[in-house]
Amino acid sequence: MRWTGRNPSNQRRHPRASGHRQYTIGRLRRYRHAGVGLVGSRHFRLSPPDGDLAQSHASIAAERISSGVVPIRSRAFSANCDYIFAIVPEHQSVEPRRVEAGMKAAIKDLSQHVGKEVTLEGWLYNRRDSGKIAFLVVRDGTGLCQCVVAKAPETEGFFDTARRLGQETAIRLTGMCRANEKQIGGHEVDVTALEVVGESQDYPITPKPHGIDFLFKNRHLHFRSRRQWHILRVRATVIDEIRSYFNRNGYTLIDTPIFAPAAGEGAQTLFEVDYFGEPVYMAQTGQLYVETACMAFGKVYCFGPTFRAEKSKTRRHLTEFWMVEPEIAYADLDTVVAVAEDFVHSIAQRVLRDHKEDLEFLGRDLSFLESIQKPFARITYDEAVDILHGDKARELLENDLTTKTARIEELNKAITEKEAESTAQGVKQWKKDKLIAEVAEHRDELADLEEEVKNIPHHMELAKNFKWGKDLGGSDETIISRLHERPCFVTHYPRDVKAFYMKKNETDDRLCNNFDLLAPQGYGEIIGGSQREDSYDELMAQINRHELDPADYAWYTDLRKYGSVPHGGFGLGVERTIAWLCGLKHIRETIPFPRMMGRFYP
RNA sequence: UCCCCGAUAGCUCAAUCGGUAGAGCGAGCGGCUGUUAACCGCUAGGUUGUAGGUUCGAGUCCUACUCGGGGAGCCA
């Protein structure tokens, strides 16, 4: 049986008859016809097929290849430049040492295993190899660890496999754990046994830059990446703190329906669903329902996804997002504001306590988060209007214009210089890559800045011409929040721009007892809340004024007939809160599978 | 609903005035025993979003559409 190499020169490098070694056939889907395969790292073609044995081997190879059984373990021997190639059934092949000796360890716990043998189960995050040493960066869901496979007698069974593993291959490995400050996670494992649990080829998300469209089309894989992993860990903690805050403070969880018969506040932004021939709506809020429950349990909260059909394509919007809504009986506006303040403070403290490393990875300034202390700022709507009309708002925007324009010039200069440098002769490739990456970053920043600078005059106009009685717009909120170091409550908005259920102010009936909480640094509104109208007559008047059908709200107005009490609550947007705490530019990174206008895959 | 920007190799992007579509990464092959988005050499990879138009000639100009990004309004 005679096998010839694809390239004659390769033949000479093939092992001699004196020794034999194990090879793995890989990349088989590209070689689905008989007699062609990849042995070790070389292509081989049967030429010509001679003898029954060869035929049989070739057909076994073809069958294995076409049935996609990978990897096929095989042995090759050489004799006088003829290659005798034998397919060894997989169960008879020389297996690497079984991975079972070491103690199973999570990467985050490796500090407890220094000097001991451990077994890691995870996925290959990245690989670098030299001729006789391979570095496998392994990800196990708890952290990253570089594992070293050196070419040595004890690694002979899997060294070649190790240095060819595709990104995200599922692997189980055993080795000695060492402390190594230089490495990611502070540890390193010298591999003595390695097992491929699940193959991975052509993983789409490489360790190079990708566009957001591509990444979110691959969202199901995307959150294996470090940045997303860090963010979603913070999300899990934020959600845990939300639940435990209310649970430890005497609130009862009440789940509210997602199919709702009528609008909470207005029908224009709801998703309509065909419910056995009747139109129902995806819940925009659970508030009206938790109001009923707070009359039964005193302090309650609901927590779940909520849906808005707003046709907004901005970095602050999702069509499906999570909101927590506490509701408290025997509470006025001040009480509710105090709860919101304590609640947000406790979320921030918890994240700061448990996620320093995640926040540092995300580049979040910890001192900023440490400064989120009580009391938060409190202003009224009237004061907000004065701020918008005042010198401070104007100066803020003028300063923005100056500093941002300066930064744009700086970036343009840097881009020109770096482009020139990267195309100059004699520049090393890695240096070029670095420069090109920096230029791309500058361009992103530049595009953002140009958009912002373009909008500044418009925002100045909006602020200057802001009329009492309007709701605060996005840019107005940004101005107010940026003029405060801490989160800022804005209370007592004009009733006419707010929802029908908000409590009329006792001393000025143009106002209602409501509040928004604006996160600093321009992150905008993360909470909206209010004291609720508890007077039956007043509520009915509001329902009529908003041209709502009283029949739809009969169950809700009943509350004001049977033992009505002052009460109130608020809704906190989970994703906006996470974006703020993590310092993210876009809300879509804060949820595992974002739903946005025009995007619902995967 | 309105305004601005974009769509070129699997990915990120080039392509001068309208004149033969390129690079890096990824993939495949070879080399390299301490790499850190490793590196070095070679190979393959294209209906330039779709449809039409102008032109001797269109990635480039024009029209419409589709999809994506950002913003306004609206909102958490």
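Numbering of residues begins from 1 in every chain and follows the order in which that chain's sequence is written. In the order they appear in the text, chains get letters beginning with A and ligands get numbers beginning with 1. Only residues with pLDDT of at least 70 get local features here, since the model is predicted, and only at 80 or more are side-chain atom pairs given and counted; chain-wide, interface and lining totals rely on the full set of residues. Excluded from the side-chain calculation are hydrogens and water; included are all heavy atoms of the structure.

A. Looking closely at the pattern of salt bridges. The rule for a salt bridge is simple: a side-chain nitrogen of Lys or Arg has to be within 4 Å of a carboxyl oxygen of Asp or Glu. Counting across every chain of the model gives 38 salt bridges. A salt bridge links Arg-394 to Asp-391; its shortest N-O distance comes to 3.2 Å. Here the residue Arg-394 and the residue Asp-391 both occupy positions in helix H12 (residues 391–423), the gap between them amounting to three residues, near one helical turn. Relative accessibility thresholds used throughout: buried, under 20% of the residue-type maximum; exposed, over 50%; partly exposed, between the two (1.4 Å probe, protein chains only). Take Arg-394: its relative accessible area is 37%, and that puts it in the partly exposed class. For Glu-538, the salt bridge goes to Lys-504, with nearest N and O atoms at 3.1 Å. With Glu-538 in helix H15 (residues 536–545) and Lys-504 in the loop between strand E20 (488–491) and strand E21 (514–519), this pair connects stretches of sequence that are 34 residues apart. Classification of Glu-538 by relative accessible area gives buried; the value is 19%. What counts as a helix is a DSSP run of H or I of at least four residues, what counts as a strand is a run of E of at least two, and both are numbered from the N terminus.

B. Examining the packing of helix H6 (residues 226–248) against helix H17 (residues 574–582) more closely. For helices, the fitted line uses only the C-alpha atoms of the stretch in contact; every axis is such a line through C-alpha atoms, and the angle between N-to-C directions lies from 0 to 180 degrees. Running from amino to carboxyl end, H6 crosses H17 at an angle of 120 degrees, the nearest separation of the two axes being 10 Å. Of the possible angle classes, the one that applies to H6 and H17 is oblique. When the axes of H6 and H17 are compared, the crossing they make is right-handed. Counting all contacts with H6, which are made through Ile-231, Val-234, Arg-235, Val-238, Ile-239 and Ile-242, the residues of H17 involved are Val-574, Glu-575, Ile-578, Leu-581 and Cys-582. Roughly parallel means an angle under 35 degrees; roughly antiparallel, over 145; roughly perpendicular, 65 to 115; everything else is oblique. Helix crossings get a hand from a simple test, with the near helix turned counterclockwise from the far one by less than a right angle marking a left-handed crossing and a clockwise turn marking a right-handed one. Pairs of residues are marked as contacts when any of their non-hydrogen atoms sit within 4.5 Å.

C. Highlighting unusual backbone geometry. The omega torsion of the bond from Lys-374 to Pro-375 falls at -5 degrees, within 30 degrees of zero and hence cis. Following Tyr-601, the chain continues to Pro-602 via a peptide bond in cis, the omega torsion being -5 degrees. Within the fold, Pro-602 resides in the segment after H17. Not every positive phi belongs to a glycine, and Glu-168 is a case in point at roughly 75 degrees. With respect to the helices and strands, the residue Glu-168 is situated in the loop between helix H3 (159–162) and strand E11 (170–179). Its relative accessible area of 5% is what places Glu-168 among the buried residues.

D. A look at the nonpolar core. Here, nonpolar core refers to any group of buried Ala, Val, Leu, Ile, Met, Phe, Trp, Tyr and Cys residues whose side-chain atoms link them within 4.5 Å. Ile-242, Phe-343, Phe-515, Ile-527, Phe-570, Trp-580 and Leu-581 are the most contacted members of the largest nonpolar core, which has 47 residues in total. Tallying contributions element by element places helix H8 (residues 333–354) first for this core, with 11 residues. Once residues within four sequence positions are removed from consideration, Ile-242 is found in contact with Phe-303, Val-324, Phe-343, Ile-347, Leu-572 and Val-574. Counting 22 residues, the second largest nonpolar core, distinct from the first, contains Leu-124, Ala-134, Val-149 and Leu-165.

E. Main features of the packing of aromatic side chains. The rule is short: rings of Phe, Tyr and Trp, with Trp giving its six-membered ring, pair when the centres are within 6.5 Å, and they are stacked under 30 degrees, edge-to-face over 60, tilted in between. Within this structure, the stated rule accounts for 21 aromatic pairs. Judged by centre distance (5.5 Å) and plane angle (75 degrees), the rings of Phe-303 and Trp-322 are edge-to-face. Here Phe-303 is found in strand E17 (residues 299–307), whereas its partner Trp-322 is found in strand E18 (residues 320–329), with 19 residues between them in sequence. Each ring, one from Phe-515 and one from Phe-570, has its centre 6.2 Å from the other, and the planes form 65 degrees; the classification is edge-to-face. One end of the pair, Phe-515, is in strand E21; the other, Phe-570, is in strand E23 (residues 567–573), and 55 residues separate them in sequence. Here Phe-515 and Phe-570 have matching classes, each one buried. The positively charged end of Lys-498 is found above the aromatic ring belonging to Tyr-493, 4.5 Å away from the centroid. Criterion for a charge above a ring: Arg CZ or Lys NZ at most 6 Å from the ring centre, at most 35 degrees from the ring normal. Geometry around Tyr-556 places Arg-560 over its ring, the cationic atom sitting 4.3 Å from the centre.

F. The packing of H6 against H8, seen in detail. It is at 9 Å that the axes of H6 and H8 come closest, and there the two elements cross at 135 degrees. As the angle between them shows, H6 and H8 are arranged oblique. As H6 packs across H8, the resulting crossing turns out to be right-handed. Contacts between H6 and H8 involve Val-234, Thr-237, Val-238, Asp-240, Glu-241, Ile-242, Ser-244, Tyr-245, Phe-246 and Arg-248 from the former and Val-339, Asp-342, Phe-343, Ser-346, Ile-347, Arg-350, Val-351 and Asp-354 from the latter. Considering only residue class, the contact of H6 with H8 consists of nine nonpolar, three polar and six charged. Under the convention adopted here, Pro, Cys and the residues Ala, Val, Leu, Ile, Met, Phe, Trp and Tyr are nonpolar, Asp, Glu, Lys and Arg are charged, and Gly plus all remaining residues are polar.

G. Up close: the sheet that holds strand E15 (residues 272–275). In this analysis, strands are considered paired if DSSP registers two or more bridges between them. Taken in spatial order, the three strands of this open sheet run E14-E16-E15, and their pairing is antiparallel. The sheet is open, and its two edges are formed by strand E14 (259–260) and E15, each paired on a single side.

H. Seen up close, H17. In terms of burial, H17 is a largely internal element, eight of the nine residues being buried. Taken together, the buried positions of H17 are Val-574, Glu-575, Thr-577, Ile-578, Ala-579, Trp-580, Leu-581 and Cys-582. Among the residues trailing H17, Gly-583 stands out with phi positive, at a value near 70 degrees.

I. Just the sheet that holds E20, in detail. The strand order across the open sheet built from eight strands is E13-E17-E18-E23-E22-E21-E20-E19, with neighbouring strands paired in mixed fashion. Among the strands making up the open sheet, the edge pair consists of strand E13 (252–253) and strand E19 (377–380). Across the sheet, H6 touches E17, E18 and E23, and the angle it forms with E17 is around 150 degrees. Relative to the sheet, helix H7 (residues 287–297) contacts E13, E17, E18 and E23, its axis offset from that of E18 by approximately 30 degrees.

J. Layout of the environment of Val-339. Relative to the elements of secondary structure, Val-339 occurs in helix H8. We classify Val-339 as buried; its relative accessible area is 14%. Between the C-alpha atoms of Val-339 and Pro-326, which are 13 residues apart in sequence, the distance is 9.3 Å. For Val-339, the residues in contact, after removing those within four places along its chain, are Tyr-245, Tyr-251, Ile-328 and Phe-570.

K. How the structure looks around a nonpolar patch on the surface. Every patch collects residues that have over 30% relative accessible area and no salt bridge, joining them within 9 Å if they carry like charges and within 5 Å if they are nonpolar side chains (Val, Leu, Ile, Met, Phe, Trp, Tyr). Areas reported here follow the Shrake-Rupley algorithm with a probe of radius 1.4 Å; residue values treat only the protein chains shown as occluding. A cluster of nonpolar residues, Ile-258, Phe-259, Tyr-275 and Phe-276, forms a patch on the protein surface that exposes about 460 Å² of accessible area. Looking at the element boundaries, Phe-276 is found in the loop between E15 and strand E16 (278–282).

L. Main features of the confidence of the model for chain A. pLDDT measures how confident the predictor is about each residue, on a scale from 0 to 100. For chain A, the average pLDDT comes to 79, and 79% of its residues sit at 70 or higher. Taking the mean pLDDT of every element in chain A, the minimum, 27, falls on strand E1 (residues 3–5) and the maximum, 97, on E13. This model gives residues 1–97 a pLDDT under 50, and the stretch forms 150 contacts once residues within four places in sequence are excluded. Interface predicted TM-score (ipTM) for the complex: 0.88; the corresponding pTM is 0.82.

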